[in-house]
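# Architecture at a glance
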Amino acid sequence: MPTSCSLSDLLISHGRHFGQTVFALCNYPSLLTNDSYPGLLDRLKDGSNEEILHVGELIGKGAAGARGDDTKALKSAVLDWISPKGEVIQPPLHRNSKIDRGFNHKLTGSLLCPSGLDWNDSQTKEDLHSGKMLVCGDQWLIFLYAHYVYDHDDPWSSLYKSHLLVCAYKHVFTSPTYIATQVRFTLSSSSVFSQTDTSTDSETFYHSLLDLLEDPGEFKEVDELLTWWNHQIFPTSSATKRPISANSALSKIRQK
């Protein structure tokens, strides 16, 4: 039987995996004490409510730890990915501090500009910088789009296909919705990741992206998007079906 210490480590480890690949922004104690996941409570029926809450806290600790590690890893790396080719960022951005990021800098500001707005418009830029114009989480930002170009007539076009997202995904290797939320936070000037932070509205941003990908009415577009991502992350794999080798175990199974 695992010791209390090893069990805690295991739960934290599961929390890291769950937070990165399944659901990033979650109240884990609540998850374990309601019916969101049928059958989960049955597995924990021998534990008291306090023990179940403690399990949720440990899983949440793992998810928060993973998010913190990813944020730290991306903080410096993202500057290399957004630097103009063959040039340096001007004025320079600090690698270990985010105070000069967000709408405080023309480069990160341009990437955080909501799609549909013109960052080159001086009034828009000033309103975003001053905070007069607040960016809600369901206003998707230009860094999500390939070449940072938004098509007003076809909002699906190039969504989730930016080079920046692919670089960050490969760096962290986790779900696209989670990585989009992490990149947004990394580009911003916020120093602490918080679900209740109204300046980044990370929770709404994350859920709005997730809701779109889980919408049955968007199946065709989502399927094409996932195919595109698989090609970016696994470029050597082929989407076409390869013939099964003759006399292989798999061919014999398929013949049944």
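Quick notes on the rules
Residues numbered from 1 in each chain as written. Predicted model: local features only at pLDDT ≥ 70, side-chain atom pairs only at ≥ 80, totals over all residues. Heavy atoms only, no water. Phe/Tyr/Trp six-rings, centres within 6.5 Å; stacked < 30°, edge-to-face > 60°. Lys NZ or Arg CZ within 6 Å of the ring centre and 35° of its normal. Core = buried A, V, L, I, M, F, W, Y, C linked by side-chain atoms within 4.5 Å. Buried < 20%, exposed > 50% of the residue type's maximum accessible area, 1.4 Å probe, protein only. Helix = DSSP H or I, 4+ residues; strand = E, 2+ residues; numbered from the N terminus. Contact = heavy atoms within 4.5 Å. 1 Å grid on protein atoms, 1.4 Å probe; cavity = no way out; pocket = protein on both sides within 12 Å on 5 of 7 lines; lining within 4 Å. Points joined across faces, edges and corners; volume = space filled by probe spheres on them. Nonpolar A, V, L, I, M, F, W, Y, C, P; charged D, E, K, R; others polar. Lys, Arg positive; Asp, Glu negative; His and termini not counted. Salt bridge = Lys/Arg side-chain N within 4 Å of Asp/Glu carboxyl O. Axes fitted to C-alpha atoms, helices over the stretch in contact; angles between N-to-C directions. Parallel < 35°, antiparallel > 145°, perpendicular 65-115°, else oblique.

With that out of the way, let us pick up the packing of aromatic side chains. Applying the stated rule across the entire model yields four aromatic pairs. In textbook terms, an aromatic cluster arises when at least three aromatic residues are bridged by ring pairs, as seen for Y169, W228 and W229. The ring of F185 is capped by K98, whose NZ or CZ atom sits 3.4 Å from the centre of that ring. Against the face of F205 rests R184, its NZ or CZ located 4.6 Å from the ring centre.

Judged by nonpolar contacts, the single largest core of 43 residues is most densely connected at I82, F143, L144, L165 and L187. When contributions to this core are tallied by element, the ones reaching two or more residues are α4 (49-82), α5 (106-112), α7 (163-172), α8 (176-187), α9 (202-213) and α10 (219-233). In contact with F143, other than residues within four places in its own chain, are L111, L112, Y148, S162, L164, L165, A180, V183, R184, L187 and F205.

This next bit is on the layout of surface pockets. Considering only enclosed or pocket space, the largest pocket measures out at about 330 Å³ in volume. Residues belonging to the lining of the largest pocket are distributed by class as follows: seven nonpolar, ten polar and one charged.

With that out of the way, let us pick up the side chain of E218. With respect to the helices and strands, the residue E218 is situated in the loop between α9 and α10. Put simply, E218 is tucked away with no salt bridge, and the nearest opposite charge, on K220, sits 9.6 Å away. With sequence-adjacent residues up to four places away left out, E218 is seen in contact with W156 and L212.

In this structure, Y148 sits in the loop between α6 (122-130) and α7. Along the backbone, Y148 and S115 are 33 residues apart, and their C-alpha atoms lie at a distance of 8.9 Å. For Y148, the residues in contact, after removing those within four places along its chain, are L111, I142, F143, S162 and L164.

It is worth spelling out the packing of α7 against α8 at this point. Put simply, α7 and α8 touch, their axes get as near as 9 Å, and they point 105 degrees apart. Taken together, the axes of α7 and α8 are roughly perpendicular relative to one another. Touching L164, L165, A168, Y169 and V172 of α7 are P176, Y178, I179, A180, V183 and L187, all from α8.

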